[in-house]
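Below, each chain spelled out in residue letters.
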Amino acid sequence: MLLSTTANNAEQHSAAEDELALCPHCDLVQHLPLLQPGEEASCVRCGHHLDACHIESVMRPMLYAGSALFMLLLANLFPFVSMFAAGNSSEMNFFDTSSVLFQQHQQWLAILVWLFIQAVPAACMLAIIYLKLGMLYRLPARTWVARVLYMLKPWSMVDIFLMGLIISFVKLVADADISLGPSFWAFCLFCLLHLRAFQVVDRRELWSKIAPNPKPQLAAHAGKSGLAQNVKLCKVCTAMVPVTQTHCSRCHTKVPLRRKASVQNTLALLLAATLLYIPANLLPIMRTISFGETTDSTIISGLLLMWQDGAYPVAIIILIASVLVPVAKIIIMFWLCYLTRLPLAQRQRYSTQIYRLVDWVGRWSMVDVLVVAIMAALVRFDLLMSVYPGVGALVFAAVVILTMLAALSFDPRLLWDPLPEQQKGVRFDAATER
Ligand SMILES: [Zn+2]
Ligand SMILES: [Zn+2]
């Protein structure tokens, strides 16, 4: 159930029940009502998820994360996918998606794929188990583990890998017979359990169990911005920290008022992504050998080929993920940086929601790179039919990583801050502002 902390319902709760929260996306101070199990609270101004109360908040995440790790182990033990073409057969294990790339001298791509689909997801699941165990026993270094967990989260790409598998099968099914092994089904379960484990862990709840939320020395009021009341947010543990204090008293992280040089860093990363996007489209992403004939394909030529072959749904998915999303993300991020330089009244009302959308959707562009890794691991019939990754795949992966870093280094609170010359004496109010 979604529960918006509106100004009215916030007032119905007594001060003892309520906790003040500062929205990390729009900097609005607001009351967080005491949540019942199963309820969630979102920011009244920008809709950002602020808090949740989960049923069985210790056991359920541990069970999901533990089962996910077990499924990941099974996914690595048995045959993943087998392919039969022209009287030959080839078998792929889950680990082959990285090891084959390594053998084909694409070490960087191999490491990236291994990190995205094995190491990072496994580390996240281990971190969730450790932190939940830490709620029962006082384990050391919980602060560090919690910090690392949320840093790694966007780089876990098992869901995108599953989409990559489906695209690869659709591409191959016309030329070959595909048979799914037990590890494939274990991987599908791993994917579901991994997503579920993240869903039932709430950052605010997690930190409240590690250490109680410190009360800021200054009296802050709901309905006004943190900036106007001299309080800032610790992005690591969600605590409110007075502007005069350099470090968070709960997690001891250095807390800047706003991310340092956020717009400059975002612009630099976007510029690098834009420059790399040109070679990423010109260089071959994949080399296919079919009956002794070698064909290099770029993102666009591969797309056109699929369209000519009548694989319209896959062509559309690749068009969206590899062409439209990266270009749109770069343009929108430039536009958001420009917005922060305009007076408050001229900024768009939904800019924060647009930021969240491009941030979420951006990682899906990695699907084409993972498709190349899957095809290279699976299609290995020497001169009859083989697929090798091209240098374009690594360059394209770099573009996606740069745009993800650009979104991460952008501070969405800047979209709600008045310009420096207008900041003196500013008091926003949630009920009246825009
Ligand atoms: Zn907000
Ligand atoms: Zn903190």
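This one's a predicted model, so the numbers in the text were calculated from it and none came from an experiment. (Residues numbered from 1 in each chain as written. Chains lettered and ligands numbered in written order. Predicted model: local features only at pLDDT ≥ 70, side-chain atom pairs only at ≥ 80, totals over all residues. Heavy atoms only, no water.)

A.B. asks: Now, about helix α3 (residues 96-103): what can you tell me, with residues and values included?
C.D. replies: Counting buried positions along α3 gives 6 out of 8 residues, so the element sits mostly inside the fold. All of the buried residues in α3 are D96, T97, S98, S99, V100 and L101. Lining the buried residues of α3 we find β7 (88-92), α4 (107-136), α6 (158-172), α13 (367-378), β13 (380-381) and β14 (385-389). Just downstream of α3, H105 is the residue with a positive phi angle, here 60 degrees. (Buried < 20%, exposed > 50% of the residue type's maximum accessible area, 1.4 Å probe, protein only. Helix = DSSP H or I, 4+ residues; strand = E, 2+ residues; numbered from the N terminus. Contact = heavy atoms within 4.5 Å.)

A.B. asks: Give me the sheet that holds strand β8 (residues 177-180): which residues, what numbers.
C.D. replies: Read from one edge to the other, the open sheet built from 3 strands follows the order β7-β6-β8, with strand pairing classed as antiparallel. Unpaired on one side and paired on the other, β7 and β8 mark the two borders of the sheet. Within the sheet, the average angular offset between the axes of one strand and its neighbour, ignoring direction, is 20 degrees. Bridge analysis of strand β6 (residues 81-85) against β8 gives 4 bridges, and the strand direction is antiparallel. By the bridge assignment, V81 is partnered in β8 with L180. (Pairing = 2+ DSSP bridges. Axes fitted to C-alpha atoms, helices over the stretch in contact; angles between N-to-C directions.)

A.B. asks: Would you mind going over a nonpolar patch on the surface in detail, with residue names and values included?
C.D. replies: Taken together, F95, F102, W108, I111, W114 and L115 make up a surface patch of nonpolar side chains, about 620 Å² in accessible area. At 4 residues, the largest contribution of residues to the nonpolar patch is made by α4. On the accessibility criterion, F95 (40% relative accessible area) is partly exposed. (Patch = residues over 30% accessible without salt bridge, like charges linked within 9 Å, V, L, I, M, F, W, Y side chains within 5 Å. Areas by Shrake-Rupley, 256 points an atom, 1.4 Å probe, with all protein chains shown as cover. Salt bridge = Lys/Arg side-chain N within 4 Å of Asp/Glu carboxyl O.)

A.B. asks: Account for the side chain of E39, with residues named and values stated.
C.D. replies: Mapped onto the secondary structure, E39 falls in the loop between β3 (29-32) and β4 (40-42). No salt bridge is formed by the buried E39; its nearest oppositely charged neighbour, R204, is found at 14 Å. Within the structure, the side chain of E39 is placed 2.9 Å from the backbone nitrogen of Q36, a separation counted as a polar contact. (Lys, Arg positive; Asp, Glu negative; His and termini not counted. Polar contact = N/O pair within 3.5 Å; in protein donor to acceptor, adjacent residues only side chain to side chain.)

A.B. asks: Mind laying out the environment of V325, listing which residues take part and the relevant values?
C.D. replies: Its location among the elements puts V325 in helix α11 (residues 312-339). Taking the C-alpha atoms as reference points, V325 and W364, separated by 39 residues in sequence, lie 8.3 Å from one another. Aside from chain neighbours lying at most four places away, what touches V325 is I320, V361, G362 and S365.

A.B. asks: Requested: an account of the coordination of the zinc ion (ligand 2), with residues and values cited.
C.D. replies: In the first shell of the zinc ion (ligand 2), the protein supplies C234 (SG), C237 (SG), C248 (SG) and C251 (SG), at 2.2 to 2.3 Å from the metal. What the 4 donor atoms of the zinc ion (ligand 2) show is an angle range of 99 to 117 degrees at the metal, which sorts the shape as tetrahedral. Look at where the donors of the zinc ion (ligand 2) fall in the sequence and you get C-x2-C-x10-C-x2-C. For the pair C248 and C251, a shared accessibility class is recorded, and that class is buried. (Donors = N, O, S within 2.8 Å, 3.2 Å for Na, K, Ca; no water. Tetrahedral: all angles 85-135°; square planar, octahedral: opposite > 155°, others 65-115°.)

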